[in-house]
Amino acid sequence: MMAVLRSPYFTWFLLALPSLLLIRAYSAGDMTIHDLLHPTGEFSARAMILALICSPLVTLWPKVAIFKSLMRRRRYIGVAAFGYALLHTLFYLVDKGNFADVLAEALELSIWTGWVAFLIFVPLAITSNDASVRAIGARKWKTLQRWVYAAAVLTAAHWLFLEYEIVPLLVHFVPLALLEAARVWKIRSRQPGLNAS
């Protein structure tokens, strides 16, 4: 049983399960393409946040097994975030129905922030594998992957200006911001030279 739970296939199944349920609901006629836009966008944001909090959690609580387990699966979670973003984008294009309507609102703040976040996601997802780390080099790969923070800010802006609901946004992104701040504080506190003043 433990071997199944630790299997990457089981992880992929869990990450894909919401999309399978959404597609099933659409196939049964319970949801329209437009109805699929919001949940796929939210699942993308949630997966991205989950991937981002892995490092702060392990830094702050290095002995907690579940946090270390999440850290080992961080790339899977990040790729899942891209997968849901891709579904969100495809459903948006299908819902709009034609290129003219897509282009007409492309410069709106609520829309272009989503497009730029998605474009940032593309190279991050493509390079989320060991072969890319070896080809690019670990240092350059980490620098590239740090663009996910820009994607997170753009995703938050996309969500805020599209929905104009601040409470759900804060519920999702404030814990991430607090954990990242705590991680930075802990790392800096370990460096005596930074605290000499």
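Check the entry above for the structure.
Owing to the predicted nature of the structure, the values given are computational and were not obtained by experimental measurement.

K.L.:
Kindly report on the side chain of Ser44, identifying the contributing residues and their values.
P.N.:
Examined against the element boundaries, Ser44 turns out to sit in helix α3 (residues 33-60). The class for Ser44 is buried, based on a relative accessible area of 7%. Those residues in contact with Ser44 that sit more than four places away from it in its chain are Ala81, Tyr84, Ala85 and Phe121.

K.L.:
Residues and numbers for the packing of α3 against helix α5 (residues 74-96), please.
P.N.:
At their nearest, the axes of α3 and α5 sit 8 Å apart, and the two run at 160° to each other. By the angle between their axes, α3 is roughly antiparallel relative to α5. The handedness of the crossing between α3 and α5 comes out as left-handed. In the contact of α3 with α5, the residues fall into 18 nonpolar, seven polar and two charged.

K.L.:
Got a sec to walk through the packing of aromatic side chains? Specific residues and values, please.
P.N.:
All told, the structure shown has seven aromatic pairs when counted by the stated rule. With a centroid separation of 5.6 Å and an interplanar angle of 35°, the aromatic rings of Phe43 and Tyr84 are classed as tilted. Linking Phe43 in helix α3 with Tyr84 in helix α5, this pair joins segments that are 41 residues apart in sequence. Ring centres 6.2 Å apart and planes at 75° place the aromatic pair Trp159 and Phe173 in the edge-to-face group. In this pair, Trp159 sits in helix α10 (residues 148-163) while Phe173 sits in helix α11 (residues 166-189), placing the two residues 14 residues apart along the sequence. For the residue pair Trp159 and Phe173, the accessibility class agrees, reading buried in each case. The residue whose ring lies beneath Arg46 is Phe43, and the NZ or CZ to ring-centre distance is 5.7 Å.

K.L.:
Summarise helix α7 (residues 109-126); cite the residues concerned and give the values.
P.N.:
A rise of 1.5 Å per residue sets the reference length of α7, with its 18 residues, at 26 Å; its end C-alpha atoms lie 27 Å apart and thus fit the reference within 8%. Residues Ser110, Ile111, Thr113, Gly114, Ala117, Phe118, Ile120, Phe121, Leu124 and Ala125 constitute the buried set of α7. Where α7 is buried, its residues contact α3, α5, α9 (138-145) and α10.

K.L.:
Describe the pattern of salt bridges, listing the residues and the values that go with them.
P.N.:
This model, assessed by the stated rule, comprises four salt bridges. Close ionic contact of Asp130 with Arg75 constitutes a salt bridge, the shortest N to O distance being 2.7 Å. Here the residue Asp130 occupies a position in helix α8 (residues 130-136), and Arg75 occupies one in helix α5, the gap between them amounting to 55 residues. Between Lys96 and Glu105 there is a salt bridge, with its nearest N and O atoms 3.3 Å apart. You can call Lys96 partly exposed: its relative accessible area is 27%.

Rules behind the numbers
- Residues numbered from 1 in each chain as written.
- Predicted model: local features only at pLDDT ≥ 70, side-chain atom pairs only at ≥ 80, totals over all residues.
- Heavy atoms only, no water.
- Helix = DSSP H or I, 4+ residues; strand = E, 2+ residues; numbered from the N terminus.
- Buried < 20%, exposed > 50% of the residue type's maximum accessible area, 1.4 Å probe, protein only.
- Contact = heavy atoms within 4.5 Å.
- Axes fitted to C-alpha atoms, helices over the stretch in contact; angles between N-to-C directions.
- Parallel < 35°, antiparallel > 145°, perpendicular 65-115°, else oblique.
- Left-handed = near helix turned anticlockwise from the far one by under 90°.
- Nonpolar A, V, L, I, M, F, W, Y, C, P; charged D, E, K, R; others polar.
- Phe/Tyr/Trp six-rings, centres within 6.5 Å; stacked < 30°, edge-to-face > 60°.
- Lys NZ or Arg CZ within 6 Å of the ring centre and 35° of its normal.
- Expected span 1.5 Å × (residues − 1).
- Salt bridge = Lys/Arg side-chain N within 4 Å of Asp/Glu carboxyl O.

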